[in-house]
Amino acid sequence: MVRNIQIRVSLKEEGQIGLKAKTAKHLGVAEEEIEIKVQRRSIDARKPSIYFNYKLEVYINEPMPTTGGYMFEYQDVSKAKPIHIIGFGPAGMWAALRCLELGYKPIVFERGKNVRERRRDLKAINRDHIVNKDSNYCFGEGGAGTYSDGKLYTRSLKRGDVRRVFESLVHHGATEEILVDAHPHIGTNKLPKIVQNIRETIISHGGEVHFNTKVTDFIIESNRLKSIVLNDSKDLEVEKVILATGHSARDIFYLLQKKKIALKAKSFAMGVRVEHPQHIIDSIQYHCRGERHELLPAAAYSLVHQAKGRGVYSFCMCPGGFIVPAATSPGEVVVNGMSPSKRNNLYANSGIVVQIDAERDLYKYEKYGELRALEYQKDLERLAFTAGGRSQVAPSQRLTDFVEGNLSTDLNPTSYQPGLKSAPLHSLLPKLIGSRLRVGFSEFGKKMKGYYTKEANIVGVESRTSSPVSIPRNEHLEHPEIKGLFPCGEGGGYAGGIVSAAMDGERCAEAASEGL
Ligand code: FAD
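Conventions used here
Residues numbered from 1 in each chain as written. Predicted model: local features only at pLDDT ≥ 70, side-chain atom pairs only at ≥ 80, totals over all residues. Heavy atoms only, no water. Domains from an automatic or database assignment. Contact = heavy atoms within 4.5 Å. Buried area = accessible area lost by both parts, 1.4 Å probe. Salt bridge = Lys/Arg side-chain N within 4 Å of Asp/Glu carboxyl O. Polar contact = N/O pair within 3.5 Å; in protein donor to acceptor, adjacent residues only side chain to side chain. Helix = DSSP H or I, 4+ residues; strand = E, 2+ residues; numbered from the N terminus. Nonpolar A, V, L, I, M, F, W, Y, C, P; charged D, E, K, R; others polar. 1 Å grid on protein atoms, 1.4 Å probe; cavity = no way out; pocket = protein on both sides within 12 Å on 5 of 7 lines; lining within 4 Å. Points joined across faces, edges and corners; volume = space filled by probe spheres on them. Core = buried A, V, L, I, M, F, W, Y, C linked by side-chain atoms within 4.5 Å. Buried < 20%, exposed > 50% of the residue type's maximum accessible area, 1.4 Å probe, protein only. Patch = residues over 30% accessible without salt bridge, like charges linked within 9 Å, V, L, I, M, F, W, Y side chains within 5 Å. Areas by Shrake-Rupley, 256 points an atom, 1.4 Å probe, with all protein chains shown as cover. Lys, Arg positive; Asp, Glu negative; His and termini not counted. Charge placed at Lys NZ, Arg CZ, Asp CG, Glu CD. Pairing = 2+ DSSP bridges. Axes fitted to C-alpha atoms, helices over the stretch in contact; angles between N-to-C directions. Phe/Tyr/Trp six-rings, centres within 6.5 Å; stacked < 30°, edge-to-face > 60°. Lys NZ or Arg CZ within 6 Å of the ring centre and 35° of its normal.

For the protein chain, an unreviewed UniProt entry supplies the name FAD-binding protein and the organism Aggregatimonas sangjinii.

A. Just the domain arrangement of the protein chain, in detail. Its domain assignment divides the protein chain into domain 1 (2-60), domain 2 (82-264 + 468-513) and domain 3 (267-361 + 376-462). Placing a centre on the C-alpha atoms of domain 2 and another on those of domain 3 gives a separation of 28 Å. Across the boundary between the two partners, domain 2 contributes 25 residues, which contact 28 residues of domain 3. The three residues of domain 2 that bury the most area against domain 3 are Asn 126, His 129 and Arg 250, which together make up 27% of that side's buried surface. Inspection of the region where domain 2 meets domain 3 yields four salt bridges. Asp 149 is paired through a salt bridge with Arg 343; the nearest N and O atoms lie 2.8 Å apart. One can count 13 residue pairs in polar contact (both at pLDDT 80 or more) joining domain 2 with domain 3. Mapped onto the side of domain 2 that touches domain 3, the elements with two or more residues apiece are helix 4 (115-128) and helix 7 (250-258). Split into classes, the residues belonging to the side of domain 2 that touches domain 3 amount to nine nonpolar, ten polar and six charged.

B. Representation of empty space enclosed by the protein. Inspection of the entire model under this criterion finds one cavity of 30 Å³ or more. Reported here for the largest cavity is a volume of approximately 70 Å³. Along its surface, the largest cavity is lined by Pro 90, Met 93, Trp 94, Gly 142, Gly 145, Thr 146, Leu 169, Leu 191, Ile 194, Val 195, Ile 198 and Ile 498. At the level of secondary structure, the elements contributing two or more residues to the lining of the largest cavity comprise helix 3 (90-102) and helix 6 (191-204). The dominant element in the lining of the largest cavity, judged by the number of residues it contributes, is helix 6, at four residues. Split by residue class, the lining of the largest cavity holds nine nonpolar, three polar and no charged.

C. Fine view of the layout of surface pockets. Roughly 460 Å³ of internal volume is contained in the second largest pocket. Residue lining of the second largest pocket: 17 residues in total, with Lys 37, Thr 67, Arg 163, Glu 176 and Leu 179 positioned closest to the centre. For the lining of the second largest pocket, the secondary structure elements donating two or more residues are strand 2 (34-44) and helix 5 (162-171). Counting residues per element, the lining of the second largest pocket draws most heavily on helix 5, at four residues. Along the lines of polarity and charge, the residues of the lining of the second largest pocket split into seven nonpolar, five polar and five charged.

D. Fine view of the nonpolar core. Counting residues in hydrophobic clusters, the biggest one holds 65 residues, and the most contacted among them are Val 274, Ile 433, Leu 437, Phe 441 and Tyr 451. Mapping this core onto the domain boundaries places at least three of its residues in each of domain 1 (2-60) and domain 3 (267-361 + 376-462). Ignoring anything within four residues of it in the chain, the contact list for Ile 433 reads Met 270, Gly 271, Val 354, Ile 356, Tyr 376 and Leu 380. Counting 60 residues, the second largest nonpolar core, distinct from the first, contains Ile 186, Ala 244, Val 334 and Leu 516.

E. Expanded view of the environment of Ala 265. If you trace the backbone, Ala 265 turns up in strand 11 (residues 264-265). It is 37 Å that separates the C-alpha atoms of Ala 265 and Leu 411, two residues lying 146 residues apart in sequence. If we skip the residues at most four places from it in the chain, Ala 265 touches Ala 358, Glu 370, Arg 372 and Pro 468.

F. The arrangement of a positive patch on the surface in detail. Residues Arg 116, Arg 119, Arg 120, Lys 123 and Lys 193 make up a contiguous surface patch of positive charge. When residues of the positive patch are assigned to their parent elements, the largest contribution, four residues, is made by helix 4. Along the chain, Arg 116 falls in helix 4.

G. Up close: the sheet that holds strand 13 (residues 304-307). Here we have seven strands laid out as an open sheet, ordered 13-14-17-12-20-18-19, and mixed in their pairing. Each having just a single partner strand, strand 13 and strand 19 (420-422) make up the two edges of the open sheet. Going across the sheet, the axis of each strand differs from the next one's by a mean of 35°, ignoring polarity. Pairing analysis gives five bridges linking strand 14 (residues 310-318) to strand 17 (residues 347-356), with the strands arranged antiparallel. Opposite Ser 314, over in strand 17, you have Ile 352 as the bridge partner. Where helix 9 (residues 372-387) meets the sheet, it contacts strand 12 (268-277), strand 17, strand 18 (394-398), strand 19 and strand 20 (457-462), and its direction lies at approximately 35° from that of strand 12.

H. Geometry of the packing of aromatic side chains. Following the criterion strictly, the structure yields nine aromatic pairs and no others. Ring geometry for Phe 72 versus Tyr 74: centroids 5.7 Å apart, planes at 10°, classification stacked. Assigned by exposure class, Phe 72 and Tyr 74 land together as buried. A ring pair is formed by Phe 444 and Tyr 451, whose centres lie 6.3 Å apart and whose planes are at 85°; its orientation type is edge-to-face. Exposure class is identical for Phe 444 and Tyr 451. Each is buried. We note Arg 8 situated over the ring of Tyr 51; from NZ or CZ to the ring centre the distance is 4.0 Å. The aromatic ring of Tyr 494 is capped on one face by Arg 473, whose charged end is 3.6 Å from the ring centroid.

Here it is, written out as structure tokens:
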């Protein structure tokens, strides 16, 4: 007999009895009579007594079938018609994988390097403050998703098949836990191998992935994309092109604007990253003093407050993680967060950002037309560069000093490798952002007692939360003015994370294959 049940297991029970014994007791059968398959696992830490909630499939006196996982039918596409893909982030990777299933040959151009070579450039940013414009935390194999937290939750459930994306991650090396965890994540130590496996699948089935290959121009004739220019030197004739260059490919936005191809300024969010010692967040979320229970993961949080008509909210919270320098050009400071799979670093960091309305808030930037939000974003990143001392050192302040308007005489230790410099962010940040952040942080301190503390630093600036520009597309996911061009993923404004970008990549591959 097979039973589907939901069961709550206390922390103590989880540690001492175990899930199987508890399930057997719950069903009134002997432990040897059952086999269990976890379908969903979450932690309920709302009250001091913490529980694990499980959704289980229980096989009573019946063997549990061995499921081999989802079967991806990747075809040999070596002689198939090509679909060209620009960018090898999640959108580009999943577009390429979908092409293999549909029987088209994906030919990918990626400006950055493969994951292994990319790592050296990350070291150079962190240690020597040198930013390579084509190889950094945003550009290179796997895109912005490789050296990230690898959080996999998405609100875009209606936009595609989330489960399929998770299954393909497992197929390429992620642990099966991501299929059952309520808040799955992979971790930056595991992502490079998965990304590399995806590349190997593409190549072994006849697709192509070209690194160090930047698309620098589009040749358009009679409103049709005729060819793309690679590295300013080689023209390549194309029929269908998926443009998956991400939210940091400013040269692509400038190129489209120069060619008078329709773009639209997009509302987005910017702010700072806040970093607490992880034990403070653990003690608030798990109602404990000192160390969290060994069975509990580093605690996360999610906060939101409406301040003066704009949302202030936590973004990309990384428990047990690191703040990283995510600039893509010299002369700017941009911070973001990542964490290893065990989330065992000593710090908890999160973006705390303010909604920016591209219509209402940026009237001073009107002269930049549809790139006004992008120019505003650039100004903030330059400000952080100057305030940090013109390297990758980031401007910082103790959280309490920021809210109370004092310059910090010293700062807390940090995970941010290039280092921090005390700066009066309370007066440097534009009022639109700074004043709302100060209200937001005070309110967050009321919602989470202990969050508002001088033991936390804020670090500037968190500016790449999503794209400041969107590239329009019609119901066939094609640019309304340029036949053959399929704007895709986060850069087009159609995704906001790894999973939603991957799903959009799949959809664009399907759309591009129509009528080919
Ligand atoms: P991208 O990942 O940005 O990929 C675009 C690719 O295009 C890049 O590789 C770039 O090099 C390439 N490219 C750009 N211009 C050109 C050109 N002209 N020619 C050729 N190639 C070009 N999201 C989550 O869901 N969970 C997380 O935990 C998470 N953590 C993050 C941590 C960090 C540090 C960062 C930076 C981002 C994080 N994100 C996270 C966001 C996530 O990575 C992005 O939403 C996602 O990668 C977007 O996918 P994409 O394919 O649309 O674009």
